[in-house]
Amino acid sequence: MKHEVIIGLEIHLELLTQSKLFCSCSTAFGREPNTNCCPVCLGLPGSLPVFNRRAVELSVTAALALNSNIQKQSRFDRKNYFYPDLPKAYQVSQYDRPLAKAGYLEIEVDENMRTISLERIHLEEEAGKLMHAGDSIRDADYSLVDYNRAGIPLLEIVTAPEIHSGREARIFLEELRTVLFYSGASDCKMEEGSLRCDANISLRPAGSAQLGTKAEVKNMNSFRAVEMALDYEVKRQEAVLSAGGIVTQETCHWDEGQKRTIPMRGKEGSSDYRYFPEPDLLPLSLEASFIENLVDSLPELPQQRRSRFKEQYQLDPNEAFLLTVNRGLGDIFEKAARHYSDHRNLVNWVQGDLLYQLREHGRKTEEFDSKLLVELLLMLDDGKINRPVAKELLSKAVQKGVSPQKLVSERGLGRISGQENLLPLVEQVISENPEAADSYRQGKKKALGFLVGKVMALTGGRADPAELNRLFDEKLQQ
Amino acid sequence: MNIDFSKEVDYVAHLARLSLEPKEKERMADQLSDILQTARRIQELDTSGVEPTSHVLNLPAVLRDDVTEPSLPLSRVLQNTPRCENNFVRVPKITVQEQLEE
Amino acid sequence: MKLYEHSAAGLSQLLKNKEVSSVDVVQSFMDRIERLDPHLKAFITHTPVMALDTATEIDNRRMNGEELQPLAGVPIAVKDNICTEGLHTTCASRMLENYVPPYDATVVGALRKAGLPILGKTNLDEFAMGSSTENSAFFPTRNPWDFSRVPGGSSGGSAAAVSSGMAPLALGSDTGGSIRQPASLCGVTGLRPTYGRVSRYGLIAFASSLDQIGPLTHGALDSALLMDLISGYDPLDSTSLPGKDPNFKASLDPDVKNLRIGMIRQDVTEGFDPEVTGAVHKIAAVLENNGAMVEEVSLPMTNYGLEAYYLIAPSEASSNLGRYDGVRYGYCAGGENIEEMFSRTRGEGFGPEVKRRIMIGTYALSAGYYDAYYLQAMKVRTMIRRDYETVFKNFDLLMGPSSPTPAFKIGEKTDDPVQMYLSDVCNITDSLAGVPSLAVPSGFHSGGLPMGLQLTASPLQERLLLKVARFLELNYEGQQKRPDLKFFEGGAS
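Residues numbered from 1 in each chain as written. Chains lettered and ligands numbered in written order. Predicted model: local features only at pLDDT ≥ 70, side-chain atom pairs only at ≥ 80, totals over all residues. Heavy atoms only, no water.

**Points about the overall build of chain A**
Link 1 in the chain: When helices and strands are counted, chain A shows 16 helices and 18 strands.
Link 2 in the chain: What you see for chain A is a C-alpha radius of gyration of 30 Å, clearly larger than the 23 Å of a compact globule of 478 residues, by over 25%.
Link 3 in the chain: Taken over the C-alpha atoms alone, chain A extends approximately 95 × 55 × 50 Å along its principal axes.
Link 4 in the chain: Of the contacts formed within chain A by residues at least 6 apart in sequence, a portion of 70% connects residues at least 24 apart.
Link 5 in the chain: For chain A, the exposed area adds up to about 21,400 Å²; of that, 46% sits on carbon and sulfur atoms. (Helix = DSSP H or I, 4+ residues; strand = E, 2+ residues; numbered from the N terminus. Rg over C-alpha atoms; globule rule 2.2 N^0.38 Å. Contact = heavy atoms within 4.5 Å. Areas by Shrake-Rupley, 256 points an atom, 1.4 Å probe, with all protein chains shown as cover.)

Here is the structure:
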């Protein structure tokens, strides 16, 4: 029997504020343990929370970017449970009156557009970080807690169970990350823990309206892991159902090493969090003007940018996608495009050589001045330099920010071309390399490259390879 | 109808993470039954259409600027901590509700 | 007159006129503490060195001609659930027996800035849960009027300290009467401010929507002076009231003409000492003779106040006290694993009353019971607030007893929690409504014990309370006595 896969995701994102949600401690990552703490985020007796305006702004901005309905009145509640990383033994979160409701994200799967609905978006606080002696919580005799992270503002996004495969989940997460990155709400770095994802997955017979029993999957540390874990779960649940068994409601832990999910035995039923309204915080009341200002200052979002790139610069969908998902690269392209009209050539260089050089030299896109690329391309178009030199100049421009024009004049890297300049060198190389010349005459095309290379070496790479090819060919045919 | 708290005591004590001696539990069950019996009087009242009060102040929430201030020095953070290791807070084995099983 | 017999206002004047030094003043109180506290046990921690240091500094600054706050150099005692940086703050609990906060409560900061020497931290019912100070994990405090009796609670230590002249001023906290009831049982004045008037930052939380810090003093003037110092908006407390600080001291014009006062009708007279209610009537007569209009008034929903309170307060408390788990501070029982550590730490660190309230609160918030208990109680709270709003349309103030009886014997009510809870019946609904409420001495019981009157006003109308209190001090007999403690006083001071 064919089964339909039903997946819902629960995503937590750290918001990009300077200070924490309820206190003025820094949110900076990577500090020495317990050095970003104060009475409030440690939950010391007598401490009280005060909202960070920016956290509210970023949450609303993120919710707007995800097409949600911002709730003018929302409220915070306490979620009570005991765990060592939770300083107050309750998390301040939002239960029945969240900041935003509904919302959706459109994703492209196999050239089809799909809309994934969002059920809710709300603001809550992060807990501290636990580390376990040894590698896993299972084996550890004791654990260590760092409260630097406690109190950082978190946005929780819950999707409707409308995702149908691990791959779709990954595409969704990638698009979500791009949207939220563009909105300025989060830097979405899963490796730094600023983005986390849990999934619920169930199977039901195709055509059935009832949802199957769902398993919750946790501990997936990358988008790829999400895809793999969900694919694994689909297979696992299919196997159980095909054998006539029942899937039990449980929480599964994704084991990256073993590449499988491991069920965890939980208590009967779900935890009783005893939610009640947080008495230390007054209800959040958002003025219409507050929300309007955020709507007005919403930056261009990925979908808008992709459309615009396709229309304005005649880019194809893949190019538009790349230049959007890598916003910095797209920014370089746009800035360069203001001063260079051959957009086709530009996009090839940007997503080809430039991207390669940036990676090679470990440079961020923000560090590269697009003017340098324009300089380079104009010189190339005018024939002032050849392609190999151009590539080298680009490398230097990326590494050190040196102007290609300057380098060319300083080092005399201008292109050498013209029969009067090149023919003597061609003849010289032919006479010095008779075997290669014969080889070519006998039909071995590769020998041409060797001969051209020799002239290139003599000219410090400045000769025009295309012209050399022609000259050698003519000369050797004689 | 009398409330018999003795059945609830174990569950509630667990939720609240309070270990109780058997005598304590018994006494607690009786006392809590009495208290809750009295408190139940409020169920007589018709509160339909009444908004619950979670805050007596009819004021909007206070929002502060996103500015950082110096945090507590590490020595002060840990000055009351029962067990530390390398500036982390140390806790015994976390068994909690969830155990991994094959 | 001995220095410790003066009011804070009186001391302030003496200091300003340089007739005495702050060191002299502090010394006087320290001697008194030395003599009396071993018997009364009002203090958990004594801080003589710190107090003298502050006094010395203030004296120097005054000598240099610096302009100082009115209460500069006047010592004060602070209830031990208010955080004092570097000084043990125990909440009278094993759980925090060795806890030293790394920060000051906002009100303590205000005291230090104004230069009030802190004499010590006073005893209370554990985590402010109680009405007799017998729930302190360390020792009970005795009533200065009769050592075999309780001083009331939970601010029993503060009330006893002021009453016996061990401190001219004290800070207490009031959740369901914890300033007002002990003030009355000890014959002093205790104010519960409007909710939000005084910052809660640094007050170790019991029930967040009900807790307030307030003054215990001899008389209205001292109360006003202290309120001027500690009240005001605090950016660290989101539930703190915005706006400019009023001048409480200016409220003390003792003219009660045309005030409309509602005398709360006692629907249930059982448990009320007839002399206590008699005193209320006597005072009503005096007020009427001086131009006030006194009429009986009823707030029907307040009959459900106790029940609502004893669901709401423990519920919030059960959450506020979750943080005491042995991980970051406080008592730690140790354990094989974290769960064992949690349960044992909390089982051993908390006393029986605290555990009782945590259990009730946990139950009332739990799935399946939330609607019937906590939610219902919150709705009843709204109905109670509405009663107050309605009555304050026609009345400026309310009056009634501040405690059903004078001080009861130590041990008299400890076996019956419900009985103990009934001692709060007069005070609780004011807390639920968030309105300001003042307890003043109303005379003496035939047995010699002080009795108390409670005045209540609408939000932000503390000035009316202080006004009437001042009037009574001047026009109603039998108020300004102090307990006879000559037996313990010994030599000169």
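**Some details on the overall build of chain C**
Link 1 in the chain: Assigned secondary structure in chain C consists of 16 helices and 11 strands.
Link 2 in the chain: Taken against the 2.2 N^0.38 rule, which gives 23 Å for 493 residues, the C-alpha radius of gyration of chain C at 21 Å falls within 12% of a compact globule.
Link 3 in the chain: Each of the three principal axes of chain C carries a C-alpha extent, and together these read 65 × 55 × 45 Å.
Link 4 in the chain: Every one of the 493 residues in chain C was classed for burial, and the buried ones make up 69%.
Link 5 in the chain: Long-range contacts, defined as pairs at least 24 residues apart, comprise 75% of the intrachain contacts of chain C with a sequence gap of at least 6.
Link 6 in the chain: Counting only carbon and sulfur atoms, one obtains 50% of the accessible surface of chain C, whose full area is about 15,400 Å². (Buried < 20%, exposed > 50% of the residue type's maximum accessible area, 1.4 Å probe, protein only.)

**Focus on the interface of chain B and chain A**
Link 1 in the chain: Contact with chain B, which involves 40 residues of that partner, is made by 62 residues of chain A.
Link 2 in the chain: For the pair chain B and chain A, the summed buried surface comes to about 4,500 Å²; carbon and sulfur atoms form 59% of the total.
Link 3 in the chain: At the junction of chain B with chain A, the criterion picks out one salt bridge.
Link 4 in the chain: With its nearest N and O atoms 2.5 Å apart, the salt bridge here joins Arg53(A) to Asp65(B).
Link 5 in the chain: At the junction of chain B and chain A, the tally comes to 24 residue pairs in polar contact (both at pLDDT 80 or more).
Link 6 in the chain: For the side of chain B that touches chain A, the elements supplying multiple residues, two or more each, are helix H1 (6-15), strand E1 (63-64), helix H3 (74-77), strand E3 (88-92) and strand E4 (99-100) of chain B. (Buried area = accessible area lost by both parts, 1.4 Å probe. Salt bridge = Lys/Arg side-chain N within 4 Å of Asp/Glu carboxyl O. Polar contact = N/O pair within 3.5 Å; in protein donor to acceptor, adjacent residues only side chain to side chain.)

**What to know about the state of the cysteines**
Link 1 in the chain: Overall, the coordinates contain zero disulfides over all chains when judged by the stated rule.
Link 2 in the chain: We note that Cys332(C) lacks a disulfide partner, and the nearest cysteine sulfur, in Cys84(B), lies 11 Å from it.
Link 3 in the chain: The cysteine Cys426(C) is free of any disulfide, with Cys186(C) supplying the nearest cysteine sulfur at 16 Å. (Disulfide = S-S within 2.5 Å.)

**Description of the sheet that holds strand E6 (residues 90-93) of chain A**
Backbone-to-backbone hydrogen bonds join strands into a sheet, with any given pair of strands oriented parallel or antiparallel.
Link 1 in the chain: Reading across from one edge, E6-E5-E17 (chain A) is the order of the three strands in this open sheet, with antiparallel pairing throughout. Two strands in the sheet have a free side with no partner beyond their single neighbour: E6 and strand E17 (276-277) of chain A.
Link 2 in the chain: Bridge count between strand E5 (residues 77-80) of chain A and E17(A): two bridges; the pairing is antiparallel. Bridged to Arg78(A) within E17(A) is Phe276(A).
Link 3 in the chain: Of the strands in this sheet, E5, E6 and E17 of chain A touch helix H9 (residues 305-320) of chain C, which is tilted by about 60° from E5(A). (Pairing = 2+ DSSP bridges. Axes fitted to C-alpha atoms, helices over the stretch in contact; angles between N-to-C directions.)

**Some details on the side chain of His343(A)**
All names here are of chain A.
Link 1 in the chain: Here His343 lies in helix H9 (residues 343-360).
Link 2 in the chain: The exposure class assigned to His343 is buried, which follows from its relative accessible area of 18%.
Link 3 in the chain: For His343, the contacting residues outside a window of four places in its chain are Tyr313, Phe333 and Ala337.

**Some points on helix H12 (residues 404-411) of chain A**
All names here are of chain A.
Link 1 in the chain: Of all the positions in H12, only Pro404, Leu407 and Val408 are classed as buried. For H12, the angular spread of the buried residues around the axis is 100°, confining them to a single face. Exposed side of H12, more than 90 degrees from the buried face: Lys406, Ser409 and Glu410 are the residues found there.
Link 2 in the chain: Check the buried side of H12 and you find it contacts helix H10 (370-381) and helix H11 (387-400).
Link 3 in the chain: Phi turns positive one or two residues past the end of H12, at Gly412, with a value near 60°. (Arc of directions from axis to C-beta.)

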